[in-house]
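# Geometric and topological summary
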Amino acid sequence: MNPSDPVPATFAASVRVARHSAGHEPEQCDDFVAVEEPLEIRVNGRPFAVVMRTPGHDLELSAGYLLSEGILTQRGQIVRIGPCLARAPGEADNVVAVELTDFDARKLRTLARTSTMGSSCGTCGKTSIEQVHQNFPPLTPQATVTAALIQALPARLAQHQNVFHATGGLHGAALFRDDGALVKVREDVGRHNAVDKLLGWALLNGAMPLAGHGLFVSGRISFEIVQKALAARIGLVAGISAPTSLAVDFARASGQTLVGFVRDGRANVYAGALK
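The structure displayed is predicted, hence computed values, not measured ones. (Residues numbered from 1 in each chain as written. Predicted model: local features only at pLDDT ≥ 70, side-chain atom pairs only at ≥ 80, totals over all residues. Heavy atoms only, no water.)

## As for the layout of surface pockets
The computed volume of the largest pocket comes to approximately 230 Å³. Lining the largest pocket are 15 residues, with Thr-140, Gln-142, Thr-144, Gly-212 and Gly-235 sitting closest to its centre. For the lining of the largest pocket, the residue count by class is five nonpolar, eight polar and two charged. (1 Å grid on protein atoms, 1.4 Å probe; cavity = no way out; pocket = protein on both sides within 12 Å on 5 of 7 lines; lining within 4 Å. Points joined across faces, edges and corners; volume = space filled by probe spheres on them. Nonpolar A, V, L, I, M, F, W, Y, C, P; charged D, E, K, R; others polar.)

Printed below as a string of structure tokens:
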């Protein structure tokens, strides 16, 4: 399976810049920047959330977001997911409508929020690990991946970060099997969005749960990243940068392996263990 899909043209935009170099006059040239736009997710006709994201793979993002919020657990709950068919004339095409069956309406009302979320915000308001475990029980710890496999992931992810190489402005997330095979890679201006796109891809393609898989991210590992992995039953989360203290606490309480500072042939294990 090719982990990289064709890059949507909406991922990057060309802008005119003045480029300064030491000892030279400013040069007018074109540059590419990562696109960031709002996406509204509507559930059964009602606004649920607005996220700031890089356009592309919006259906995956919406499905993954609902999964990590505990609204969705399986593909069969989705009656329809697609562009909103009830847009007003002139309304932007940045709305995904999701029709669900067999869901907790009370939870949906409780979690629904229409305020715009920044691309670095993530899933806010879950301050209790115990609360999360009510929806997503802890896993049984297993050491199934070697340190050598983890240390090879940054270079392998970089090979598939096409938009990052063009803009320098996107995070990457990779889903990989315990044998090291990359399954899918997604990019987004938000770390958590890239992860939601992966989870949504797995949900929509009948690949859930993701036991026997790991998640690798290109930046900091925050609480919401590890929580989203647990929602998909992913037992190993690793990243190029540092984890936060709450991410460490959560991974330890959830039976997950958490590995940070995976770079230059090194890796720090903060929870769980490697083979």
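Alright, that's what it looks like, and here's the rest.
## Some remarks on the pattern of salt bridges
For the structure shown, the criterion picks out seven salt bridges. Here Asp-30 makes a salt bridge to Arg-16, at a shortest N to O gap of 3.1 Å. With Asp-30 in strand β2 (residues 27-34) and Arg-16 in strand β1 (residues 12-19), the pair connects residues that are 14 residues apart, well separated along the chain. For Arg-16, a relative accessible area of 55% puts it in the exposed group. The closest approach of N and O atoms between Asp-58 and Arg-53, which form a salt bridge, is 2.7 Å. Take Asp-58 and Arg-53: they sit in the same class, and that class is buried. (Salt bridge = Lys/Arg side-chain N within 4 Å of Asp/Glu carboxyl O. Helix = DSSP H or I, 4+ residues; strand = E, 2+ residues; numbered from the N terminus. Buried < 20%, exposed > 50% of the residue type's maximum accessible area, 1.4 Å probe, protein only.)

## What about the environment of Val-217?
If you trace the backbone, Val-217 turns up in strand β10 (residues 213-217). Once the C-alpha coordinates of Val-217 and Gly-172 are considered, the two residues, 45 residues apart in sequence, prove to be 5.9 Å apart.

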